[in-house]
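Below, each chain spelled out in residue letters.
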Amino acid sequence: MEAYLFYIMAAVAVVSAVYLIFEKNPVYSILYLVMILISIAVLYLLLGAQFIAAVQIIVYAGAIMVLFLFVVMLLNLSAKEELKDALSFQKIPAIVMGIVLLSAIGIILRSKIPLGKQGEYTSAYVHDVGNTQLIGKLLFTKYLLPFEITSILLFIAAIGAIILAKRK
Amino acid sequence: MITVTHYIVLSAILFTLGVVGVLIRRNAIVVFMCIELMLNAVNLSFVAFAHYLHSMNGQLFVFFTMTVAAAEAAVGLAIIVAVFRNKETVNIDDINIMKW
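Quick caveat: nothing in here was measured; it's all calculated off a predicted structure. Throughout this description, residue numbers start from 1 for each chain and increase along the sequence as written. Written order decides the labels, with chains lettered from A and ligands numbered from 1. In keeping with the predicted nature of the model, local features appear solely for residues at pLDDT of at least 70, side-chain atom pairs appear and are counted solely at 80 or more, and the whole-chain, interface and lining totals rest on all residues. Processing note: side-chain calculations cover all non-hydrogen atoms of the structure and skip hydrogens and water entirely.

## A few points about the overall build of chain B
Note the following rule: Secondary structure elements are defined from DSSP: runs of H or I of at least 4 residues count as helices, runs of E of at least 2 residues count as strands, and each element is numbered from the N terminus. To get the radius of gyration, use the C-alpha atoms; to get the globule rule, take the number of residues to the power 0.38 and multiply by 2.2 Å. Exposure classes here rest on a 1.4 Å probe applied to the protein chains alone. A residue is buried below 20% of its type maximum, exposed above 50%, and partly exposed in between. Contact criterion: two residues are considered in contact whenever any of their non-hydrogen atoms come within 4.5 Å of each other. Note on areas: Shrake-Rupley with a 1.4 Å probe; residue coverage comes only from the protein chains shown. By the counting rule applied here, Lys and Arg register as positive and Asp and Glu as negative, while His and the ends of each chain are not counted. Taken as the charge centre is NZ of Lys, CZ of Arg, CG of Asp or CD of Glu, depending on the residue.
The helix and strand inventory of chain B stands at 3 helices and 0 strands. When the helices and strands of chain B are read in sequence order from the N terminus, they spell out α-α-α. Radius of gyration (C-alpha) of chain B: 17 Å, far over the 13 Å computed for a compact globule of 100 residues. Out of the 100 residues belonging to chain B, those deemed buried represent 60%. Long-range pairs, those at least 24 residues apart, make up 58% of the contacts in chain B between residues at least 6 apart in sequence. Carbon and sulfur atoms form 72% of the exposed surface of chain B, whose accessible area is close to 3,800 Å². Across chain B, the mean location of the 5 positive side-chain charges is 5 Å away from that of the 5 negative side-chain charges.

This is the structure we're talking about:
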């Protein structure tokens, strides 16, 4: 059951990614990306990361993709924008290099995946305490400083976005 | 039985598709979406390793990556809107004012 779900979601993600690359209309590209994000969220659930799966749906598929869709509709882009391609000779080398990159990663993976020492958070323990509770506890103890710096980062990003998009 | 290798191979395929997308597309927004795809591929490998190593650090790191991705999306799309106002295009071949 778990294996079938993995293969179905992996197939959905890869096929959607191929369509995302070759789709001419940016709005459809965004919808394909949403499909990839949702299938990755299901994979997170399979890996026992419920909190990350929920955040993936809410923040990525919800907030960030709506932002993308909003900008595409605001700019009123059409498919003909893409027709004038000054570097069309780049397409074939790009795909060949993609295959080379994939096989390089494959060779590295075939040699050995370095698995370090096992941590203390086994599936049974995480199930007992709760995934979200554990993440919350770690965020406010061990990772308190990065967590606070993250809030400053978001603050600066919000200010930057407002200043950049402001009409002069 | 699904092992960590399955997840890493899927992550590698998605990352490579993202790289190819960045190289062959000319629409700045689609290039940006391919970068998001690459970020997600790496996040997937983080969570897979965290699960198989019985660790929580991978999931925490994914949390921070998502925050950075949200900030990056906001600033990047603002830059694209600003460039579109000035040049009336999002084709990255036409946006070469920094090219010497």
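## A few points about the packing of helix H1 (residues 2-22) of chain A against helix H1 (residues 4-24) of chain B
This is how the line gets drawn: Lines are fitted to the C-alpha atoms to define the axes, a helix being fitted only along its stretch in contact, and any angle between axes, read from their N-to-C directions, falls within 0 to 180 degrees. What sets the label is the angle itself: under 35 degrees gives roughly parallel, over 145 gives roughly antiparallel, 65 to 115 gives roughly perpendicular, and the rest give oblique. Classification used: nonpolar for Ala, Val, Leu, Ile, Met, Phe, Trp, Tyr, Cys and Pro, charged for Asp, Glu, Lys and Arg, polar for all others including Gly.
For the pair H1(A) and H1(B), interaxial distance at closest approach is 9 Å and the crossing angle is 5 degrees. Our classification of the angle between H1(A) and H1(B) gives roughly parallel. Two secondary-structure elements touch here, H1(A) through A:Phe6, A:Tyr7, A:Ala10, A:Ala13, A:Val14, A:Ala17, A:Val18, A:Ile21 and A:Phe22 and H1(B) through B:His6, B:Tyr7, B:Leu10, B:Ile13, B:Leu14, B:Leu17, B:Gly21 and B:Ile24. Of the residues contributing to the contact of H1(A) with H1(B), the split by class is 15 nonpolar, 2 polar and no charged.

## Here we look at the confidence of the model for chain B
Residues and elements named next belong to chain B. This is how it is decided: Summary of the metric used: pLDDT quantifies the predictor's per-residue confidence within the range 0 to 100.
Per-chain confidence: chain B averages 89 in pLDDT, with 99% of residues scoring 70 or above. Ranking the helices and strands of chain B by mean pLDDT puts helix H2 (residues 28-52) first, with 92, and H1 last, with 90. Interface confidence for the predicted complex, expressed as ipTM, amounts to 0.92; the pTM equals 0.89.

## Here's the deal with the pattern of salt bridges
All names here are of chain B. Counted only if it meets this: In the sections that follow, a salt bridge refers to a side-chain nitrogen of Lys or Arg positioned within 4 Å of a carboxyl oxygen of Asp or Glu.
The final tally for this structure, using the stated rule, is 1 salt bridge over all chains. Note that aspartate 93 and arginine 26 form a salt bridge whose closest N and O atoms lie 3.1 Å from each other. Of this pair, aspartate 93 sits in the segment after helix H3 (57-87) while arginine 26 sits in the loop between H1 and H2; the two residues are 67 residues apart in sequence, bridging distant segments of the chain. For aspartate 93, a relative accessible area of 18% corresponds to the buried category. The buried category is assigned to arginine 26, whose relative accessible area is 4%.

## Section: unusual backbone geometry
At B:His54, a residue that is not glycine, the phi angle is positive and equals roughly 55 degrees. Topologically, B:His54 is positioned in the loop between H2 and H3.

## Regarding the interface of chain B and chain A
Here is the rule we go by: Here a polar contact means two N or O atoms within 3.5 Å. Within protein one must be a hydrogen donor candidate and the other an acceptor candidate, and residues neighboring in sequence count only if both atoms are side-chain atoms.
Listed as interface residues are 68 residues of chain B and, on the opposing side, 82 residues of chain A. Across the chain B-chain A interface, the total number found is 0 salt bridges. Joining chain B to chain A, the criterion identifies 9 residue pairs in polar contact (both at pLDDT 80 or more). Elements with a minimum of two residues in the side of chain B that touches chain A: H1, H2 and H3 of chain B.

## A closer look at the nonpolar core
What counts is decided by this rule: Residues belong to one nonpolar core when they are buried, are Ala, Val, Leu, Ile, Met, Phe, Trp, Tyr or Cys, and are joined through side-chain atoms within 4.5 Å.
Residues A:Tyr44, A:Ile52, A:Phe68, B:Tyr7 and B:Ile29 are the most contacted members of the largest nonpolar core, which totals 70 residues. When neighbours within four sequence positions are excluded, B:Ile29 is seen to be in contact with A:Phe68, A:Val71, A:Val72, A:Leu75, A:Leu77 and B:Ile80.

## Describing helix H2 (residues 26-46) of chain A
All names here are of chain A. What counts, and what does not: Here, expected helix span is obtained from the residue count minus one, scaled by 1.5 Å.
Counted at 1.5 Å a residue, the expected span for H2 with its 21 residues is 30 Å, and the 30 Å between its end C-alpha atoms agrees. Where H2 begins, the side chain of asparagine 25 points an oxygen toward the backbone nitrogen of valine 27, at a separation of 3.1 Å. Residue glycine 48 follows H2 closely and has a positive phi angle near 75 degrees.

## Topic: the packing of aromatic side chains
Test applied: Only Phe, Tyr and Trp rings are paired, with Trp represented by its six-membered ring, and only when their centres lie within 6.5 Å; those with planes under 30 degrees apart are stacked, over 60 edge-to-face, the remainder tilted.
For the coordinates displayed, the defined rule picks out 10 aromatic pairs over all chains. Arranged with centres 5.0 Å apart and planes meeting at 70 degrees, the rings of A:Phe140 and A:Phe147 form a pair that is edge-to-face. For A:Phe147, a relative accessible area of 22% translates into the label partly exposed. A connected cluster of aromatic rings, assembled from ring pairs, spans A:Phe6, A:Tyr7, B:Tyr7 and B:Tyr52.

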